[in-house]
Amino acid sequence: MSLDQAAKPAPSSNRAKGGFNFAQHMNELSLFIAIVVLYVVFTATANGFMSFNNQINILRDAATIGIAAWAATLIIISGEIDVSVGPMVAFISVILAYLLQWGVPTPVAFAFAIVVGALLGAIPGILRAYFDVPSFVGTLGLWSALRGTALFVTDALPVSIGRNDIVDALDRPVLGIPPAAIIMLVLFVAFAFISRKTAFGRSVFAIGGNAHAAFLSGISVARIRVALFAIAGAMAAISGILLVSRLGSGNATAATGLEFDVIAAVVVGGTSLSGGRGSMLGTLLGVLVITLIGNGLVLLGINPFFQQVVRGLIIVVAVLANIQAIKRSALRNKG
């Protein structure tokens, strides 16, 4: 079997062949309809939902989830999982805030934060690739270590950065659009291209479909796994930078539960937790669905604890829908 053959996603990845196929894009279509319905419902029931300021907040919240979700999509397509996103964002925000306090030039501090994020993110990738430690265990350990370290060094208090023109500019809307949303969309285009048009992206699908077959075909499974988690760490670092620009400080308690929103967005977007199937477009729509639901529930005054119940139900329903979609795809392939 050649590399090109192995790098192609399994039939369940639902890649369209020769034109638009409604059956193959049913998940994206249903999510688009869900977004329209959510806008209609919350416009009618939640005061201020359609206000300009609230739409800006929706874009900012979507960027926080989306930037991390692009990398998480590739990780889950490869058959792995990353639950360290929230503490990574918070930890990087603290590191960045201290660097700025110490007078490190802002561009240098940004670059250092992204490098640190990539190096930390690579740790569970290395554990998975070379020591066969399940990615859930590796990232869970990183989750605890980063959150604990950030809380310890800050005593759970915000780390103020003072006035910084570059950081402030990252939260200043451009033509009414928050820079965070622009960065999210630029990264979306980049990840969509990588996932569908490059050998790296095809290898990710191949690994998720059958890692052993991918290895036998010449794909460096270990290196790609490490790269995926390093990329996820870098994306979390970018979210941490944007968090500092939004809050004006580093905060060890920030981004709590972000990992669940990211996973929910990816799964709602149609990416299979078993690997080998998913799309960036689906994740983008999933991000919007999760963001709109969270924003609408807040405006309706729903108890925050109940919001967690809703988030959990969304994940379970999305997984069930994914399982059914895979079964239907398998039946069609047999037929």
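These numbers were taken from a predicted model, which means no experiment stands behind them.

A. A look at the packing of aromatic side chains. A complete count under the given rule lists four aromatic pairs for this structure. With a centroid separation of 5.3 Å and 55° between ring planes, the pair formed by Trp-70 and Phe-188 is classed as tilted. Residue Trp-70 is found in helix H3 (residues 52-77), and its partner Phe-188 is found in helix H8 (residues 179-197); the two are separated by 118 residues along the sequence. Taken as a pair, Trp-70 and Phe-188 share a single burial class, namely buried. Members of the aromatic cluster, joined through ring pairs, are Tyr-39, Phe-42 and Phe-49.

B. Fine view of unusual backbone geometry. In this structure, Asp-155 is a non-glycine residue whose phi angle is positive, near 55°. By secondary structure assignment, the location of Asp-155 is in the loop between helix H6 (135-154) and strand E1 (159-160). Exposure remark for Asp-155: the relative accessible area of 61% places this residue in the exposed category. Of note, the phi angle at Ala-156 is positive, near 65°, even though the residue is not glycine. By the secondary structure assignment, Ala-156 is in the loop between H6 and E1.

C. Fine view of the side chain of Ser-245. With respect to the element layout, Ser-245 can be found in helix H11 (residues 221-247). Looking at Ser-245, its side chain comes within polar contact range of the main-chain oxygen of Leu-242, at 2.6 Å. Aside from chain neighbours lying at most four places away, what touches Ser-245 is Val-167, Leu-170 and Asp-171.

Here is what the cut-offs are and how they apply
Throughout this document, residue positions are counted from 1 along each chain, in the order its sequence is written. A pLDDT threshold of at least 70 governs which residues receive local features in this predicted model, and a stricter bar of 80 or more applies before side-chain atom pairs are shown or counted, although totals over entire chains, interfaces and linings include all residues. The basis for every side-chain value is the complete set of heavy atoms in the structure, and neither hydrogens nor water enter the calculation. Aromatic rings from Phe, Tyr and Trp, with only the six-membered ring used for Trp, were paired whenever their centres fell within 6.5 Å, and each pair was classed as stacked if the ring planes differed by under 30 degrees, edge-to-face if by over 60, and tilted otherwise. Working definition: helices are DSSP H or I runs of at least four residues, strands are E runs of at least two. Numbering for both runs from the N terminus. Relative accessibility decides the category of a residue: with a 1.4 Å probe and only protein chains considered, values under 20% of the type maximum give buried, values over 50% give exposed, and everything between is partly exposed. Pairing of N or O atoms within 3.5 Å defines a polar contact, subject to two protein rules: one partner must be a possible hydrogen donor and the other a possible acceptor, and residues neighboring in sequence count only if both atoms are side-chain atoms. Only heavy atoms matter for contacts: two residues are in contact if any of them lie within 4.5 Å across the pair.

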